[in-house]
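# Structural overview for review
Below are the chains, spelled out letter by letter.
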Amino acid sequence: MSETTTQQRSGSLADLKDMAVSAGVAVTPDEQVVRQPKRDAQGRSYATGRRKNAIARVWIMPGKGEITVNGRKVGTYFARPVLRMLLTQPFLVADRYNQFDVFCTVKGGGLSGQAGALRHGISRALTYYEPGLRGILKVAGFLTRDSRVVERKKYGKAKARRSFQFSKR
């Protein structure tokens, strides 16, 4: 019984391939999608980055490497060096350090989540500006949205999992 089902499936797949070929659709698996750069009239690329509850809207354009966050310089907005290091990681991996100016607006979350959202947005904007960098940034893990968020508090618990202190007497 399973043999006939397999034969039917393979037959239908072959039929589907024949129909696609007759319609003029290319069905070669080793053919790669050629991505085109996405730039606006000013030569900028735009992308959105997300992390926890933070959302970053990022524009990049060729420049001296200046990063502006919500109208302020990156050094004043992100005072901790670790957070500033997060923002430069995509440029260092792609070997484009100090070649792009970044203008961004960030909303929601805390500083750590905002820095992660900015890194995600910068990585995506780089791939839109230069599609050839996609492989490098994808292997480094910068194009994947980090889906970890804070677990919600449950009824009858002190926090998400923490129980109230037990008293014997």
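You'll find the structure just up there.
Residues numbered from 1 in each chain as written. Predicted model: local features only at pLDDT ≥ 70, side-chain atom pairs only at ≥ 80, totals over all residues. Heavy atoms only, no water.

### Details of the overall build of the chain
Helix and strand counts for the chain stand at 5 helices and 5 strands. Secondary structure of the chain in N-to-C order comes out as α-β-β-β-β-α-α-β-α-α. Considering only residue pairs separated by 6 or more positions, the chain has 67% of its internal contacts joining residues 24 or more positions apart. (Helix = DSSP H or I, 4+ residues; strand = E, 2+ residues; numbered from the N terminus. Contact = heavy atoms within 4.5 Å.)

### Thoughts on the pattern of salt bridges
The full count for this structure, using the stated rule, is 7 salt bridges. The salt bridge involving Asp146 is made with Arg148; its shortest N-O contact spans 2.8 Å. With a relative accessible area of 26%, Asp146 lands in the partly exposed category. Since its relative accessible area comes to 56%, Arg148 is described here as exposed. Through salt bridges with shared partners, a single network forms among Arg51, Asp146 and Arg148. (Salt bridge = Lys/Arg side-chain N within 4 Å of Asp/Glu carboxyl O. Buried < 20%, exposed > 50% of the residue type's maximum accessible area, 1.4 Å probe, protein only.)

### Description of the environment of Lys154
Assignment of secondary structure puts Lys154 in the segment after helix H5 (134-140). One polar contact links Lys154 to Glu151, side chain to side chain, over a distance of 2.6 Å. At 3.2 Å, the side chain of Lys154 and the backbone oxygen of Arg152 are in polar contact. (Polar contact = N/O pair within 3.5 Å; in protein donor to acceptor, adjacent residues only side chain to side chain.)

### Describing the nonpolar core
Membership of the largest hydrophobic core comes to 30 residues, with the highest contact counts inside it found for Val58, Ile60, Val69, Phe78, Val102, Leu118 and Leu126. Those elements that place two or more of their residues in this core are strand E2 (54-62), strand E3 (67-69), helix H2 (74-77), helix H3 (81-93), strand E5 (100-107) and helix H4 (111-129). With 7 residues, H4 is the largest single contributor of residues to this core. (Core = buried A, V, L, I, M, F, W, Y, C linked by side-chain atoms within 4.5 Å.)

### With respect to the side chain of His120
With respect to the helices and strands, the residue His120 is situated in helix H4. Taking the relative accessible area as the measure of exposure, His120 reaches 7% and is therefore buried. At 3.3 Å, the side chain of His120 forms a polar contact with the backbone oxygen of Leu143. Once you skip the residues sitting within four places of it in the chain, His120 turns out to touch Thr48, Gly49, Arg50, Phe142, Leu143, Thr144 and Arg145.

### Considering the packing of H3 against H4
Closest axis-to-axis distance for the H3/H4 pair is 9 Å, and the angle between their directions is 10°. On the basis of their axis angle, the class for H3 and H4 is roughly parallel. On the side of H3, the interface is formed by Leu83, Leu86, Leu87, Gln89, Pro90 and Phe91, while H4 contributes Leu111, Ser112, Ala115, Gly116, Leu118, Arg119, Ile122, Ser123 and Leu126. Its residues placed into classes, the contact of H3 with H4 shows 10 nonpolar, 4 polar and 1 charged. (Axes fitted to C-alpha atoms, helices over the stretch in contact; angles between N-to-C directions. Parallel < 35°, antiparallel > 145°, perpendicular 65-115°, else oblique. Nonpolar A, V, L, I, M, F, W, Y, C, P; charged D, E, K, R; others polar.)

### Quick look at the sheet that holds E5
Taken in spatial order, the 5 strands line up as E1-E2-E5-E3-E4 in an open sheet, and their pairing is mixed. The open sheet has two edge strands, strand E1 (45-51) and strand E4 (72-73), and neither has a second partner. In the sheet, E3 pairs with E4 via 2 bridges, with the strands oriented antiparallel. Its bridge partner being in E4, Thr68 is matched across the sheet by Lys73. With respect to the sheet, H4 is in contact with E1, E2, E3 and E5, its orientation differing from that of E1 by roughly 145°. (Pairing = 2+ DSSP bridges.)

That's the geometry; what it means functionally is another story.
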